Amino acid sequence: MKLVAVVACTSGIAHTYIAKEKLIKAAEKKGHSIKVETQGTIGTEGKLTKKDIEEADLVIMATDIQTTGNERFDNKKKIKIATSIAVKASEQLIEKIENEILS
Amino acid sequence: MDEYLTENFNIADVITEGLIDLDLQAESKEEAILELTNILYKEGLITDVTDFSEDVFLREKEGATGLGQGVAIPHGKSDSVIKTALAIGKTTHPIEWESLDDKPVNIIILFAVRNTEANTLHIKLLQKVAILLADDSFIHALCHVKTKKELLRLLSKEPG
């Protein structure tokens, strides 16, 4: 499946980027494609395009703070988690998405 | 590959041997943060120990900075930071810390970030360290480093 994610932690310095890597590792391990947008202390990186969002089966919002551009996902299937879940249990998260949300 | 991994980075811009202490004496989280903050002060990277450590403690209240597997990444974005940098310490005894695996830590990586960081390169170096920290084999190697040089070598590794 195709996933997109937005990641933003409280200070936008470390957890955001660890969470991003963990999500990519876990999704790719399970054979899914994923694109991750980070909203950190130096701004937005890897901004999701309209096409990315259109094609995505699910949007993962791994956010501890209010993020910008959420209206882009208004009509999409979403899952909202804390960044700590992405850091600690990204593989379980992907499995949960496979089993419950997209089945 | 991400744009920020293809640029030419030198990790020495944010971490040097002087910013590493593999023999921290701290026995609590507060002591560990203060010990590392003192190192940052001695190296001329922050203007004030109290100001900076208070910003770090403030961040600690917002959520766990223990990543699990014995590693914690406290961080402070503060007006007292002169130059964005890291200070890394290894404690002799495991220290109680709010961690994602509820276990104590013995490797502490303190991120000191300027409040108005104009140099995105420095932030990207910190990002690179964060990316390394997402790799279990890196964490394993980190927990077993014996010398400062070994640690610096480990940190200069390209995430893969």
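Our structure is the block above this text.
Residues numbered from 1 in each chain as written. Chains lettered and ligands numbered in written order. Predicted model: local features only at pLDDT ≥ 70, side-chain atom pairs only at ≥ 80, totals over all residues. Heavy atoms only, no water.

Secondary structure summary: chain A contains 3 helices and 5 strands in total. Reading the secondary structure of chain A in the N-to-C direction produces β-α-β-β-α-β-β-α. Computed over its C-alpha atoms, the radius of gyration of chain A comes to 12 Å, within 12% of the 13 Å expected for a compact globule of 103 residues. Taken along the three principal axes of its C-alpha coordinates, chain A extends 35 × 30 × 20 Å. Scored against the burial criterion, the 103 residues of chain A give a buried share of 53%. Counted over contacts in chain A with a minimum sequence separation of 6, partners at least 24 positions apart contribute 62%. For chain A, the accessible area works out to roughly 4,600 Å², and carbon and sulfur atoms hold 47% of it. (Helix = DSSP H or I, 4+ residues; strand = E, 2+ residues; numbered from the N terminus. Rg over C-alpha atoms; globule rule 2.2 N^0.38 Å. Buried < 20%, exposed > 50% of the residue type's maximum accessible area, 1.4 Å probe, protein only. Contact = heavy atoms within 4.5 Å. Areas by Shrake-Rupley, 256 points an atom, 1.4 Å probe, with all protein chains shown as cover.)

Quick look at unusual backbone geometry now. Residue and element names in this part refer to chain B. One non-glycine residue, Gln-69, lies in positive phi territory at about 55°. Unusually for a residue other than glycine, Asp-102 sits at a positive phi of about 60°. Here Asp-102 lies in the loop between strand 5 (85-95) and strand 6 (105-114).

Now for the nonpolar core. Core analysis: the largest hydrophobic core is formed by 77 residues, its most contacted members being Ile60(A), Ile15(B), Leu40(B), Ile109(B) and Leu133(B). Counting residues per element, this core draws most heavily on strand 6 of chain B, at 8 residues. Not counting the four nearest positions on each side in its chain, Ile109(B) is found in contact with Val71(B), Ala72(B), Ile73(B), Pro74(B), Leu86(B), Ala87(B), Ile88(B), Leu133(B) and Leu142(B). Counting residues in each nonpolar core, the second largest holds 8 residues, with Val4(A), Ile53(A), Met61(A) and Phe73(A) among its members. (Core = buried A, V, L, I, M, F, W, Y, C linked by side-chain atoms within 4.5 Å.)

The next point concerns the pattern of salt bridges. One pass over the full model with this rule turns up 11 salt bridges over all chains. With a closest N to O distance of 3.4 Å, Lys51(A) and Glu55(A) form a salt bridge. Of the two residues, Lys51(A) and Glu55(A) are both situated in helix 2 (residues 50-55); the distance of 4 residues between them amounts to about one turn of the helix. Of the charged contacts, one joins Glu60(B) and Lys29(B) as a salt bridge, the two residues approaching to 2.8 Å between their closest N and O atoms. Taken as a pair, Glu60(B) in helix 2 (residues 49-61) and Lys29(B) in helix 1 (residues 29-42) lie far apart in primary sequence, 31 residues in all. Classification of Glu60(B) as buried rests on a relative accessible area of 9%. (Salt bridge = Lys/Arg side-chain N within 4 Å of Asp/Glu carboxyl O.)

Note on interface size: it is often stated as the accessible area lost on association of the parts. On the side of chain B, 26 residues touch chain A, which itself brings 18 residues to the contact. Approximately 2,000 Å² of surface area, both sides summed, lies buried where chain A meets chain B, with 64% of it carried by carbon and sulfur atoms. Scanning the region where chain A abuts chain B turns up 2 salt bridges. When the shortest N-O distance is used, the salt bridge between Lys124(B) and Glu45(A) registers 3.9 Å. Inspection of the chain A/chain B interface yields 5 residue pairs in polar contact (both at pLDDT 80 or more). Residue assignment for the side of chain A that touches chain B shows that the elements contributing at least two residues are helix 1 (15-29) and helix 3 (83-101) of chain A. The residue makeup of the side of chain A that touches chain B, split by class, is 6 nonpolar, 6 polar and 6 charged. (Buried area = accessible area lost by both parts, 1.4 Å probe. Polar contact = N/O pair within 3.5 Å; in protein donor to acceptor, adjacent residues only side chain to side chain. Nonpolar A, V, L, I, M, F, W, Y, C, P; charged D, E, K, R; others polar.)

A separate point is the sheet that holds strand 2 (residues 33-40) of chain A. Residues and elements named next belong to chain A. Read across the sheet, 5 strands follow the order 3-2-1-4-5 without closing on themselves; strand pairing throughout is mixed. Each edge of the sheet is formed by a strand with only one pairing partner; in this case those strands are strand 3 (43-45) and strand 5 (78-81). Looking at each pair of strands side by side, their axes are set apart by 15° on average, direction ignored. Note that strand 1 (residues 2-8) and strand 4 (residues 58-63) share 6 bridges and pair parallel. Across the sheet, Ala-8 pairs through a bridge with Thr-63, a residue of strand 4. Contacts from helix 3 reach strand 1, strand 4 and strand 5 within the one sheet, and its direction differs from that of strand 4 by about 160°. (Pairing = 2+ DSSP bridges. Axes fitted to C-alpha atoms, helices over the stretch in contact; angles between N-to-C directions.)

Moving on, we get to the environment of Gly69(A). Checked against the element boundaries, Gly69(A) lands in the loop between strand 4 and strand 5. Put simply, Gly69(A) and Ile85(A) are 16 residues apart on the chain and 22 Å apart in space, counted from C-alpha to C-alpha.

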